[in-house]
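Coordinate inspection notes
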Amino acid sequence: SPGYGASWPSYFGSIAMTYEQASARGLVVRQYDGNDLTYPYAIRNHFVTSLATAEVTAANREKFLSDFYDYQLSAIEQGEKDSIRSYLLPTQTDQAAVNKLAGLLVSQGVEVGRASASFDACGTSYTAGTYVINTGQQSKRFIRTLMDVYVPMDDSFLAEQERRRAKNLPDEIYDVTAWSLPLMMNVQVDTCNRSVNGQFTAAGPNLVQPGTVSRGNGTVGYLVPWGAAPAIRLLVNAMRQGLTVKSSDLAFTHNGERYSAGTLIIDAADNPAALPDIINGLAETTGASVTSVDDSWVTDGPNFGSSNVVRFNQPRVAIVWDEPTSPYSAGNTRFVIERQFDLPVTAIRTAQLINSDLSRYQVLILPQSGRHQGYTDVLGKKGTANLKNWVKKGGVLIGIGNANRYLADPNVDFLSIRRENAVIEGDRKDGTQSANGKAAEEKNKDLTVEGSYLSDQSAYQASIAPEKDSPDPVAGVLIRADVDPDHWLGAGVASTLNVLAGGSDIYTPLKLDKGVNVAVFRAEDDLLASGYLWEQNRKQLAYKPFVVAQPSGKGYVIGFTQDPNVRAYLDGLNTIFMNAILRGSAHARPVR
């Protein structure tokens, strides 16, 4: 994965290397073998390796520099001969994500052109504004690493991992096996087998481009199409400035233009006289596209005062911190909410949830839990009762990743989904009990069990398989999920999402009388978008939920069975996650 400082430099011709001294985690730590590891000893070792690296580099400077130069020169030559000679990012619905991807590449030294006129390439017509990245440049290897749908691993390595898995040994895959930026950002990218030439200007590194307000000052109000990061930022900042903002749960047509579900409606009558200036300022700073409206006549879909239109109330959001939360999950989630979308978040220690009055918060997020404890261990019955009471009064409780183990626990039952065991393969998948199972059942009746013939290797494998076990953990793959367009949580969300799936948790779908499976993984033959996925997991993940929403009293419990905020780089999942916070709190009916 290029996501580490230990690998990123290698794509540019540098030597990538990591020095790690076993951490003392204190001034003195006695290790399992009885030796004492001290903090000064760890510092000494890092200091020595730093000096040694500098010395070797200085002594071999000419070779380092010439190799660095030759690497980039060979990248240009390879890029002019590759099967992929160019990548094209056409203009599309979420243009903000396209602009961000192009800006990210430029900021890393990649040459990106933006078409100033329409053109044709590899049999396809493209409009002005399309980004073009030719691979005949010194960053070619870096470009391919980030932009290719899948970077394969060696067949022999994968065969070894399958062998280890069959013996219940841990695999040797380090980190994720999928990291394609276009997939993670849900951006369409085309490839061409030749370089593309035309009227292009060099793209800049700006990640957020100023938005626009079209059609005047809006005597009736303003519409903001939903489904992209700029619109989310505009909503949050509008609420923080005290503006009244509404949103339609259904698509509608106004003045001949179709607006998707989730579109923001900002009425002039409900807001201060300075609204035009405020909206212009928000559009410029957030990058949102805003349309002024001088009448409220809707030719199709709900009108602006329909019961299908909800009003936002700036939600006070809390996130659970400290044990048992995973610091990575908690930090990534808070970063997405606060730093990417400007919404303040309050951190609350898990133990405080047991007795605290949560009435001042509208949304509470449970990040993934760590290795040693779960939420059940810390909250207990009293904390669970406090949370249930808060949700029923109108709170929105959001569980991320394995936090759903707590929410779906039958003894807790916030969510009616249940975590699945691995599917038993072979001759026991029909429920037939094996000799081991019979032995467990007859344990107190007899000291022996019925004999059996194991005729081949597959029969032997079936005989040693556990009676009940979790699915094998997945290192990290991108899999597809389809979104229910009829639920408010899916408003403005792309019809198909690319989800980074990891770990071993797989959940049953919600029953229709309990709630809605808002995003569901695709069929097994169309599930995998990128990466390496165990065959059994591919089969078992099919049609299982990624996002579920279950009402409880006047509130909601929303579960993301996989973490949508991993490393804060899954931009394609931002809208559905922020919908859970912003639209979830708008649809809840808190007790006043």
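Residues numbered from 1 in each chain as written. Predicted model: local features only at pLDDT ≥ 70, side-chain atom pairs only at ≥ 80, totals over all residues. Heavy atoms only, no water.

**Quick notes on unusual backbone geometry**
Inclusion rule: Secondary structure elements are taken from DSSP: a helix is a run of H or I of four residues or more, a strand is a run of E of two residues or more, and numbering for both begins at the N terminus.
In this structure, the amide linkage connecting glutamate 323 to the following residue, proline 324, adopts the cis form with an omega of 10 degrees. With respect to the secondary-structure elements, proline 324 resides in the loop between β19 (317-321) and α9 (327-340). Despite not being glycine, aspartate 322 has its phi angle at roughly 70 degrees, a positive value. Even without being a glycine, aspartate 413 presents a positive backbone phi close to 60 degrees. For aspartate 413, the position within the fold is in the loop between α11 (404-407) and α12 (435-441).

**Brief notes about the pairing of strand β16 (residues 289-293)**
Condition: Partly exposed describes any residue whose relative accessible area lies between the buried limit of under 20% and the exposed limit of over 50%, with all areas from a 1.4 Å probe on protein chains only and scaled to the type maximum. DSSP calls a pair of strands paired once it identifies at least 2 bridges connecting them.
The element β16 is extensively covered by neighbouring structure, given that four of its five residues are classed as buried. The pairing of strand β11 (residues 221-224) with β16 spans three bridges and is classified as antiparallel. Within β16, the position partnered with leucine 223 by the bridge is threonine 291.

**A short note on the pattern of salt bridges**
Using the following cut-off: Salt bridges, as used here, are contacts in which a Lys or Arg side-chain nitrogen is within 4 Å of a carboxyl oxygen on Asp or Glu.
Across all of its chains, the model carries 27 salt bridges by this definition. Residue arginine 144 is joined to aspartate 148 by a salt bridge in which the shortest nitrogen-to-oxygen separation is 2.9 Å. By the burial criterion, arginine 144 is buried, and aspartate 148 matches it. Put simply, glutamate 524 and arginine 538 hold a salt bridge, and the shortest N to O gap is 3.9 Å. Taken together, the residues glutamate 524 in the loop between β25 (516-521) and β26 (528-530) and arginine 538 in helix α14 (residues 535-541) connect sequence positions 14 residues apart. According to the relative accessible area criterion, arginine 538 is buried, its value standing at 15%. Residues participating in the shared-partner salt-bridge network are Asp82, Lys140, Arg144 and Asp148.

**Here's the deal with the side chain of asparagine 402**
Cut-off, in case you're wondering: We call two residues in contact when some of their heavy atoms are within 4.5 Å.
Its place among the elements puts asparagine 402 in the loop between β22 (396-400) and α11. Leaving out residues up to four positions away in the same chain, asparagine 402 has contacts with Gln368, Ser369, Asp505 and Tyr507.

**What to know about the packing of aromatic side chains**
This is how the line gets drawn: Stacked, tilted and edge-to-face are the three classes assigned to paired rings of Phe, Tyr and Trp, where Trp is represented by its six-membered ring and a pair needs centres within 6.5 Å; plane angles under 30 degrees give stacked, over 60 edge-to-face, the rest tilted. Working rule: Lys NZ or Arg CZ, within 6 Å of ring centre, within 35 degrees of ring normal, means a charge sits over the ring.
Enumeration according to the criterion identifies 15 aromatic pairs in this entry. Measuring from centroid to centroid gives 6.1 Å for phenylalanine 521 and phenylalanine 546, while their planes differ by 35 degrees, and the two rings are tilted. Here phenylalanine 521 is found in strand β25, whereas its partner phenylalanine 546 is found in strand β27 (residues 545-552), with 25 residues between them in sequence. Phenylalanine 546 matches phenylalanine 521 in its accessibility class, with the two residues each being buried. Ring geometry for tyrosine 532 and tryptophan 534: centres 5.8 Å apart, planes at 90 degrees, overall edge-to-face. Here arginine 360 stacks its cationic end above the ring of tyrosine 361, 5.1 Å away from the centre of that ring.

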